[in-house]
Amino acid sequence: MSREGKVTVVGFRWAVDKQLRGAVMDFAGDSHHANPWAADLYWKARHRGKDHSHATRILARAWLLVIWRCWQNHEAYDPARHRAYQALQNTVA
């Protein structure tokens, strides 16, 4: 997002793998039903006034960071090593 005077310009990446974008959005949209960390992140975004699609995009970006780290470390996702998930579990317990 860039600001030029009083006009706000928001960029959107049109030249992207649309099937990948759709798959990531579907994954993120479904994950907040099954994963407490994802649900917490989704509802925090909703409480900040974001609509469903924007909150899902926020969640998708967070999942991509997790997936990227797993890929770079050659490891499967393990909730026991996910610090944000563990912090959430500690506040609930």
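Throughout what follows, the structure given in this document is the object of discussion. Small disclaimer: the values here were computed from a predicted structure and weren't measured.

Below, the discussion takes up the pattern of salt bridges. Enumeration according to the criterion identifies one salt bridge in this entry. In this structure, K44 and D40 form a salt bridge, with 3.2 Å as the shortest nitrogen-oxygen distance. Highlighted residues: K44 and D40, both in helix α2 (residues 36-47), separated by four residues, approximately one helical turn. The exposure class of K44 is partly exposed, given its relative accessible area of 46%. The partly exposed category is assigned to D40, whose relative accessible area is 26%.

Each pocket or cavity is described by its volume, and for the largest pocket that value is around 420 Å³. Residue assignment for the lining of the largest pocket shows that the elements contributing at least two residues are α1 (18-34) and α3 (52-73). Taken together, the residues of the lining of the largest pocket sort by class into seven nonpolar, no polar and five charged. Lining the second largest pocket are 13 residues, with V66, R69, C70, R81 and H82 sitting closest to its centre. When residues of the lining of the second largest pocket are traced back to their parent elements, those giving at least two are α3 and α4 (83-92). Looking at the lining of the second largest pocket element by element, the count peaks at five residues for α3. Of the residues in the lining of the second largest pocket, the class split is six nonpolar, two polar and five charged.

Our next topic: unusual backbone geometry. Of note, the phi angle at H74 is positive, near 55°, even though the residue is not glycine. Inspection of the secondary structure puts H74 in the loop between α3 and α4. Looking at H74, the relative accessible area reads 73%, which means it is exposed.

Position of N35 relative to the elements: it lies in the loop between α1 and α2. Residues within four places of N35 in sequence aside, it is in contact with W63, Y77 and Y85.

Looking now at the environment of W37. Residue position: W37 is located in helix α2. According to the relative accessible area criterion, W37 is buried, its value standing at 9%. Taking C-alpha positions, W37 is 7.0 Å from A84, a pair spaced 47 residues apart along the chain. Contacts of W37, omitting those with residues within four sequence positions, involve L59, A62, W63, V66, H82, A84, Y85 and L88.

Conventions we followed
- Residues numbered from 1 in each chain as written.
- Predicted model: local features only at pLDDT ≥ 70, side-chain atom pairs only at ≥ 80, totals over all residues.
- Heavy atoms only, no water.
- Salt bridge = Lys/Arg side-chain N within 4 Å of Asp/Glu carboxyl O.
- Helix = DSSP H or I, 4+ residues; strand = E, 2+ residues; numbered from the N terminus.
- Buried < 20%, exposed > 50% of the residue type's maximum accessible area, 1.4 Å probe, protein only.
- 1 Å grid on protein atoms, 1.4 Å probe; cavity = no way out; pocket = protein on both sides within 12 Å on 5 of 7 lines; lining within 4 Å.
- Points joined across faces, edges and corners; volume = space filled by probe spheres on them.
- Nonpolar A, V, L, I, M, F, W, Y, C, P; charged D, E, K, R; others polar.
- Contact = heavy atoms within 4.5 Å.

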